[in-house]
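Descriptive structure summary
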Amino acid sequence: MFRLRNLSCHSIYSTWVSFCIRLHSSLEKLFGTMAEFISNRPSMVIAFVVVLVGICSVGFLWLNPEGRAAELFVPQNSKAVQDLNKANNFFPMKLRQEEVIIAAKDEGNVLEIKYLKEALQVHKAIENLTGYTDICLTRSGHKARSREFCIAINPLEIFDFNEANFVNITAKINAASTCPGIVTMSNGRPSCQNMPKMFGGMKRQKSTGEVLSAQALKITYLVKEPSSDEERDQVEAWEDSFVKKLLSLRDDLSNVTLYISAEKSLDDAIAASSSSDIRFFALTFTVMLQFASFMVGKLFRNPLTGHSLLAFGGTFSVGLGILAGFSLAMMIRTPFISIVGVLPFLVIGIGLDDMFIIVDHLDRQERHLKVPMTVRKVMSETGVTVTMTTLTDLVAFAVSSSSQFPSIAYFCTYAALTISCAFLMIVSVFVALLSFDVRRIKANRRNCLPLCFAPVPKEGQPPWDEPRPQTSNKLMERWGTFLMRPRTKALVLVISLGLLAGGIYATLHIDQEFDRSLLAKDDSYYKAFVKIEHEYFRLPTEASVVLSGNVQYSKLSTQNEVIRLSEIVAENKYFKEDTITWMGSFLKYCRDQNKTCAGERFMGNLKLFLNTSQFSYFKGDIKFDQNENDIEATRMIAFMKSSSSSIYRKDAMLSIREDLSSKSKLPVYVASPSFTFLEQYAAIVSETVRNLSIASLIILLVTAPFLVNLSVSLLVFFGFVSLIFELFGMMWLWGVSLNSIS
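In this text, all values refer to a predicted model and were calculated from it rather than measured experimentally.

A word on the overall build of the chain. In terms of helices and strands, the chain carries 24 helices and 12 strands. Relative to its full complement of 742 residues, the chain shows a buried share of 46%. Of the contacts formed within the chain by residues at least 6 apart in sequence, a portion of 75% connects residues at least 24 apart. Accessible area for the chain stands at about 37800 Å²; split by element, carbon and sulfur atoms hold 59% of it.

Following this line, the structure appears as structure tokens:
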């Protein structure tokens, strides 16, 4: 039995080796034949490829830049997005916030008259911007007839936007901050509920709780989320004017400092930060070009067999591949994002690596071979290697092109197409240029000056084109000999295992926090806003617990279930006990007024309740049908406990979803604009593990036929996995968090 098993394993291994040999032989023959064909017609091949790339360049007509953070770094089909879209059918959940924080230059009390006067000046400047009433959010959902219909969360509303009312300021602030109050603001909420959103750094009297002073004011203008490209252009143009106007006002205000943020400010900050690095990319490109020329040029050592001009040809070939790859990606309507700008430098590195391999084999060829045979032999020997290295890079990016994060999917689509096209350019255009370089060498013409002939070697020296060992090969040979020593192998093994262990530890402890201010330049107005907002307005995340569908609110059992939702939220460790719930207030109203809340009288008494000035703000939490005879949806407002930790808030989101689905029988879900960004933290770990696992497995399958020996393939696989862990280790050491950008 043991012998039969050995024979079976031997037969399988022999079959595998035979398959690999046939594959290698076929690829060598393919690349050799193709290279010989190209070397006989180099000019025609170059002209054909250049024309083809030129035709492909029409893809740039479909250039579609995408810079919106919400469309790039958030999973687009996540539960948070689905719930937000569903809730937005009933309540204005998807909106844009244009914010300005006003702080005293002398760090004084902004509730003083001189500061409020300048705050009013700022507000009037914003209201007078052209197009404000066309885009502002209204409670009716229709276009505002005048500025008074626009919704904003504005502390100046307490004073009716009238400078004459800036008297008894603290008394009016304290009256507005008292709950329950009778002042309903333009956003439909009592002023007491808006106080934390309007005043920052408030100091109160310990005994009475009265407001004494505040360090900052915050005005938030609410704008409709555009539903078309035309509307988006209109809104973003207004936001640009909003920012420009406030920036220009800064120097005119003597008492206050303005901190500004429009909805698109984060997108603008990312674009500005990315574009500022272009000069470094250009420098890197130049350095790599010079490095390639130096490495293959053999300057001052061999005037004949150097390949300086060929190095430029290799860069040109990769450049054609980049152009073709970008064009194809745009042709299939892949949005262009700023991070794609780094791809040329990544692809140049991969292409130059292939070029070095080919040139190294060229220098080893016998001098008596003719040009077509020389090129054929070079590509027969290197085609398989170049194909394997390209395939591994290609597969790694192709796998991630299906990522649920659009930014990753777009980047990897561009990368996969660009790497593929660069490979095709190397095995076509570069091979054609290689044949010209071989002809130059056969004609005994100089490397950098092919119009001149190379001098005759000194007496006793071999011919210039005689194959000779390269310095790099000698160094590698000595390095290999050193590594083969028993003590060296033991030391390398210990170091490798130590690095792997450290990488695994760091991977398990890597941070997932994300500081959005890091995306902006240090002198950005947006970065200054984020800092001051974090200091004075660290507000709890607000979430809507939404009920929609066929819910019988008139039934007493249903009413108890709705009240139970508040208890479920209060029991959750991540959320505050306080909620804004219409049902609780409605039932209390019925008890106080001795009215019946259930059965046939439910709807009539509910409308009486909503028409009472004290409770009219609950109208924004109940959506009636067109005839106002039935309820389509209702909501309750819950508040997450304050935390700057993204992971804490992600856990809170997942926890409240689980509690509501498991502890309530009602068709309830929780929606919040903030949740859409928190989804990235819920998905990033599983997404990373999935992509890396699939890429590792495919790389193992791709390299196995080329390496033949399965033990070697497993070593390569183990090396790749170790490299990933060590990369995470470096991220941990440098304080780089794991998120949709990193």
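In this structure, Asn168 takes a positive phi of about 50 degrees despite not being glycine. Within the fold, Asn168 resides in the loop between strand 2 (152-153) and helix 7 (169-176). One non-glycine residue with positive phi stands out, namely Arg333, at about 65 degrees. Here Arg333 shows up in the loop between helix 12 (308-331) and helix 13 (343-362).

Looking now at the state of the cysteines. This structure, assessed with the given rule, holds two disulfides. With its sulfur 2.0 Å from that of its partner, Cys136 forms a disulfide with Cys150. Judged by the torsion about the S-S bond (-65 degrees), the Cys136/Cys150 disulfide is left-handed. Note that Cys136 is positioned in the loop between helix 6 (132-135) and strand 2 and Cys150 in the loop between helix 6 and strand 2, a separation of 14 residues in sequence. Like Cys136, the residue Cys150 is buried in the burial classification. Each disulfide pairs two cysteine sulfurs, and for Cys590 the partner residue is Cys597, the sulfurs being separated by 1.9 Å. Owing to a relative accessible area of 1%, Cys590 belongs among the buried residues under this scheme. Just so you know, Cys421 is unpaired, no disulfide at all, and the nearest cysteine sulfur is the one on Cys56, 7.3 Å from it. We classify Cys421 as buried; its relative accessible area is 7%.

For the pair helix 2 (residues 42-56) and helix 15 (residues 406-442), the least separation of the axes is 9 Å and the interaxial angle reads 150 degrees. Crossing of helix 2 over helix 15 shows left-handed handedness. Residue-level inspection shows Pro42, Ser43, Val45, Ile46, Val49 and Val53 of helix 2 in contact with helix 15, the latter providing Met425, Ser428, Val429, Ala432, Leu433, Ser435, Phe436 and Arg439. Its residues assigned to classes, the contact of helix 2 with helix 15 comprises 10 nonpolar, three polar and one charged.

Attention now moves to the environment of Gly599. Counting through the fold element by element, Gly599 comes out in the loop between helix 20 (582-592) and helix 21 (602-610). For Gly599, a relative accessible area of 37% corresponds to the partly exposed category.

Together, Asp106, Glu107, Glu112 and Glu535 make up a region of like negative charge exposed at the surface. Position of Asp106 relative to the elements: it lies in the loop between strand 1 (95-104) and helix 5 (113-127).

Before going further, it helps to spend a moment on the nonpolar core. Grouped together as the largest cluster of nonpolar side chains are 116 residues, with contacts concentrated most on Ile173, Phe199, Phe242, Leu246 and Leu258. When neighbours within four sequence positions are excluded, Ile173 is seen to be in contact with Leu111, Ile158, Phe159, Met195, Phe199 and Val211. Counting residues in hydrophobic clusters, the runner-up holds 46 residues, among them Leu565, Ile580, Phe586 and Tyr617.

Residues Val668 and Val670 line one face of strand 12 (residues 668-671) and the alternating positions Tyr669 and Ala671 line the opposite face, and both faces are buried. Sheet topology places strand 8 (residues 542-548) next to strand 12; four bridges connect them, and they run antiparallel. Across the sheet, the residue bridging to Ser544 is Ala671, located in strand 12.

Right, let's get into helix 13. When the terminal C-alpha atoms of helix 13 are compared, their 28 Å separation across 20 residues agrees well with the 28 Å that a helix rising 1.5 Å per residue should span. With 15 of its 20 residues buried, helix 13 lies for the most part within the structure.

Quick look at the pattern of salt bridges now. On inspection of all chains with the given rule, the structure shows 19 salt bridges. Close ionic contact of Glu36 with Arg376 constitutes a salt bridge, the shortest N to O distance being 2.5 Å. Pair noted here: Glu36 is in helix 1 (residues 2-40) and Arg376 is in helix 14 (residues 371-400), with a separation of 340 residues, a long-range link. In this structure, Arg564 and Glu571 form a salt bridge, with 3.0 Å as the shortest nitrogen-oxygen distance. Taking the relative accessible area as the measure of exposure, Arg564 reaches 24% and is therefore partly exposed.

Let us now look at a nonpolar patch on the surface. A contiguous nonpolar patch, built from Tyr505, Met730, Trp732, Leu733, Trp734 and Val736 and spanning about 660 Å² of accessible area, is present on the exposed surface. Ranked by the residues each element gives to the nonpolar patch, the list is headed by helix 24 (residues 710-734), at four residues. Within the element layout of this structure, Leu733 appears in helix 24.

Looking now at the packing of helix 12 against helix 13. Relative to each other, helix 12 and helix 13 sit at 135 degrees, their axes nearing to 9 Å. Comparing the axis directions of helix 12 and helix 13 gives the class oblique. With respect to the hand of their crossing, helix 12 and helix 13 are arranged in right-handed fashion. Where helix 12 abuts helix 13, its residues Leu310, Ala311, Gly314, Thr315, Val318, Ile322 and Phe326 lie against Leu343, Pro344, Val347, Ile348, Gly351, Leu352, Met355 and Val359. In the contact of helix 12 with helix 13, the residues fall into 12 nonpolar, three polar and no charged.

Summarising burial for strand 6 (residues 216-224): eight of the nine residues are buried, a large majority. As paired elements, strand 1 and strand 6 share nine bridges and run antiparallel to each other. Within strand 6, the position partnered with Ile101 by the bridge is Lys218. Sheet topology places strand 3 (residues 199-200) next to strand 6; two bridges connect them, and they run antiparallel. Note that in strand 6 the partner of Phe199 across the bridge is Leu217.

Assignment of secondary structure puts Ser261 in strand 7 (residues 256-261). Residue class for Ser261 comes out buried when judged on its relative accessible area of 5%.

What follows covers the packing of aromatic side chains. Given two aromatic rings, one states the distance between the centres and the angle between the planes to describe the pair. Within the structure shown, the criterion is met by 22 aromatic pairs. Where Phe586 meets Phe602, the ring centres are 5.7 Å apart and the plane angle is 85 degrees; that geometry is what we call edge-to-face. Of this pair, Phe586 sits in helix 20 while Phe602 sits in helix 21, and the two are 16 residues apart along the sequence. We classify Phe586 as buried; its relative accessible area is 0%. A network of ring pairs unites the aromatic residues Tyr553, Trp582, Phe586, Tyr589, Phe602, Phe609, Phe615, Tyr617 and Phe618 as a single cluster. The positively charged end of Lys86 is found above the aromatic ring belonging to Tyr669, 4.2 Å away from the centroid. In this structure, Lys218 packs its charged tip against the face of Phe537, placed 5.3 Å from the ring centre.

By the secondary structure assignment, Val708 is in the loop between helix 23 (673-707) and helix 24. Placed 692 residues apart in sequence, Val708 and Trp16 show a C-alpha to C-alpha distance of 7.8 Å.

What counts, and where the lines are drawn
- Per chain, residues are indexed from 1 in the order of the written sequence.
- In keeping with the model being predicted, local features are shown solely for residues with a pLDDT of at least 70 and side-chain atom pairs are shown and tallied solely at 80 or more, while totals for entire chains, interfaces and linings include all residues.
- For the side-chain quantities, the full set of heavy atoms in the structure was used; hydrogens and water were omitted.
- The way it works is that DSSP assigns letters per residue, a run of H or I at least four long becomes a helix, a run of E at least two long becomes a strand, and they are numbered from the N terminus.
- Whether a residue is buried, partly exposed or exposed follows from its accessible area with a 1.4 Å probe, protein chains only, as a fraction of its type maximum: under 20%, in between, or over 50%, in that order.
- Residues count as neighbours in contact if any of their non-hydrogen atoms are within 4.5 Å of one another.
- Shrake-Rupley sampling with a 1.4 Å probe provides the accessible areas, and residues are treated as covered by the protein chains on show and by no other component.
- By definition, disulfides here are pairs of cysteine sulfur atoms that lie within 2.5 Å.
- Think of each axis as a best-fit line through the C-alpha atoms, taken over the contacting stretch in the case of a helix, with angles from 0 to 180 degrees between the N-to-C directions.
- In this scheme, a crossing is called left-handed if the near helix is turned counterclockwise away from the far one by less than a right angle; it is called right-handed if the turn is clockwise.
- Residue classes follow a fixed rule: Ala, Val, Leu, Ile, Met, Phe, Trp, Tyr, Cys and Pro count as nonpolar, while Asp, Glu, Lys and Arg count as charged, and any other residue, Gly among them, counts as polar.
- For patches, a residue must show more than 30% relative accessible area and have no salt bridge; joins then use 9 Å for like charges and 5 Å for nonpolar side chains, namely Val, Leu, Ile, Met, Phe, Trp and Tyr.
- Each reported salt bridge corresponds to a side-chain nitrogen of Lys or Arg within 4 Å of a carboxyl oxygen of Asp or Glu.
- Charge counting follows a simple rule: Lys and Arg are positive, Asp and Glu are negative, and His as well as the terminal groups are ignored.
- Think of each charge as sitting on NZ of Lys, CZ of Arg, CG of Asp or CD of Glu.
- Residues belong to one nonpolar core when they are buried, are Ala, Val, Leu, Ile, Met, Phe, Trp, Tyr or Cys, and are joined through side-chain atoms within 4.5 Å.
- For two strands to pair, DSSP has to find at least two bridges joining them.
- Every helix has an expected span of 1.5 Å times one less than the residues it contains.
- Should an angle lie under 35 degrees it is considered roughly parallel, over 145 roughly antiparallel, and from 65 to 115 roughly perpendicular; all remaining angles are considered oblique.
- Two rings belonging to Phe, Tyr or Trp (six-membered ring only in the last case) form a pair when the distance between their centres is within 6.5 Å. Interplanar angles under 30 degrees mark stacking, angles over 60 mark edge-to-face geometry, and anything in between is tilted.
- Remark: a charge is flagged as sitting over a ring if the NZ atom of Lys or the CZ atom of Arg is within 6 Å of the ring centre and within 35 degrees of the ring normal.

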